[in-house]
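Geometric and topological summary
What follows is the residue order along each chain.
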Amino acid sequence: RHLLAGVPSVSVQATNRRQIFVESDNDVAYYEGFRIHLEPRLIAGIGLQFIAAGTQRNGGCDVVKRLVEDLRKNGNATVFGIVDWDRKNQSSTYLKVVGAGSRYSIENFILDPLLLAVFLLSQNHLVPEDLGLASRTRHFEIHRQDAATLQRVADRVLQRVKATRDQQLTEESVQCRYAGGKQVTIPSWYLGMKGHELEELMPNAFPQLRKYEHDAHRLKLEILSKAARDAADLIPLELLVLFQDIQHG
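Residues numbered from 1 in each chain as written. Predicted model: local features only at pLDDT ≥ 70, side-chain atom pairs only at ≥ 80, totals over all residues. Heavy atoms only, no water.

**Remarks on the pattern of salt bridges**
A full pass over the atoms with the stated rule returns 15 salt bridges. In this structure, E69 engages K73 in a salt bridge whose closest nitrogen and oxygen atoms are separated by 3.1 Å. With E69 and K73 both in helix α2 (residues 61-73) and four residues apart, the pair spans about one turn of that helix. Relative accessible area serves as the criterion here: at 44%, E69 is assigned to the partly exposed category. Salt-bridge contacts for E222 lead to R218; the nearest nitrogen and oxygen are separated by 3.2 Å. Of the two residues, E222 and R218 are both situated in helix α8 (residues 216-230); the distance of four residues between them amounts to about one turn of the helix. Where salt bridges share partners, they join D215, R218, E222 and K226 into one cluster. (Salt bridge = Lys/Arg side-chain N within 4 Å of Asp/Glu carboxyl O. Helix = DSSP H or I, 4+ residues; strand = E, 2+ residues; numbered from the N terminus. Buried < 20%, exposed > 50% of the residue type's maximum accessible area, 1.4 Å probe, protein only.)

The structure is reproduced here in structure tokens:
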């Protein structure tokens, strides 16, 4: 008010910022983590602001849907929502489903086998040979490997997770593409598993992760801050497409 004293009129446009409601306060941190590392690939000058529709207890996709619908009806043209696929949700013009038809939730993106491999190697929880890599390969070099090597890395991670499961798993697979243009095949059982169930398998598959056994949120934040930071090319392409789609409005 003081800054604008004496100015007859002013028009403030928010057209270059998108307000995006997500399911919880934790999800704000996850999407913002991906956004930061994808920033060079996003449209310059159009900001993405993630807003929690609630906490872990009182948020959820229904709250996101209601907020976005109400705000849009009241004339807010820059509001969007992002919800997990959960095997049932469908995207609309303003409500976007992350991983629709492939990945159950945002956790299935953070725990992507390649990002997980980068993190495990960066923390010296595994050695390159454990992942089928040449000795002395550094974690930030994984994204530079050829297609066959990347597939081998993903398979090594998946084998360890699969070994913790005692039931028969489907052999169906999905071709997954990444921001840097590479792609690998990942089994549907891994991508379609409920996010929290997938988190619970990590300490058994990788005993070095047992310190996160009761703090999966911290594990996910560390994967984002270390693996996604140093290997942004291995962030699943769906996230980049999602963010760009929202920027286009």
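**Digging into unusual backbone geometry**
Positive phi, close to 55 degrees, is recorded for D86, a residue that is not glycine. When you line up the elements, D86 lands in the loop between β3 (79-84) and β4 (95-98). Take D86: its relative accessible area is 17%, and that puts it in the buried class. Phi angles above zero are rare outside glycine, and R87 is one such case at about 65 degrees. The topology assignment puts R87 in the loop between β3 and β4. Look at R87 and you get exposed, because its relative accessible area is 53%.

**Points about the packing of helix α1 (residues 25-38) against helix α9 (residues 237-248)**
At a minimum axis separation of 11 Å, α1 and α9 run at an interaxial angle of 90 degrees. Taken together, the axis directions place α1 and α9 in an arrangement best described as roughly perpendicular. The residues of α9 that touch α1, namely those facing Y31, F34, R35 and L38, are L239, L240 and F243. When the residues that make up the contact of α1 with α9 are grouped by side-chain class, the tally is six nonpolar, no polar and one charged. (Axes fitted to C-alpha atoms, helices over the stretch in contact; angles between N-to-C directions. Parallel < 35°, antiparallel > 145°, perpendicular 65-115°, else oblique. Contact = heavy atoms within 4.5 Å. Nonpolar A, V, L, I, M, F, W, Y, C, P; charged D, E, K, R; others polar.)

**Quick word on the confidence of the model for the protein**
Averaged over every residue, the pLDDT of the protein is 92; residues scoring 70 or more account for 94%. When the criterion is pLDDT under 50, residues 6-13 qualifies, and its contacts beyond four places in sequence or with other chains add up to one contact. (pLDDT = per-residue confidence, 0-100.)

**So, the packing of aromatic side chains**
By the definition in use, this model includes five aromatic pairs. Ring centres of F50 and F243 lie 5.7 Å apart, and the angle between their planes is 50 degrees; on these two criteria the pair is classed as tilted. In this pair, F50 sits in strand β2 (residues 47-52) while F243 sits in helix α9, placing the two residues 193 residues apart along the sequence. Taking the relative accessible area as the measure of exposure, F243 reaches 0% and is therefore buried. Consider the rings of W189 and Y190, whose centres lie 5.7 Å apart with planes at 75 degrees: the pair is edge-to-face. You can call W189 buried: its relative accessible area is 10%. Of the aromatic side chains, those joined through ring pairs into one cluster are Y31, F50 and F243. (Phe/Tyr/Trp six-rings, centres within 6.5 Å; stacked < 30°, edge-to-face > 60°.)

**Looking at α2**
The terminal C-alpha atoms of α2, which comprises 13 residues, lie 18 Å apart, in line with the 18 Å expected from a rise of 1.5 Å per residue. Along α2, the residues that are buried comprise C61, V63, V64, V68 and R72. Down the axis of α2, the smallest arc covering the buried residues is 160 degrees, so these residues share one side. Among the exposed residues of α2, those oriented more than 90 degrees off its buried face are D62 and K73. Elements that come into contact with the buried residues of α2 comprise β1 (17-22), β3 and β4. (Expected span 1.5 Å × (residues − 1). Arc of directions from axis to C-beta.)

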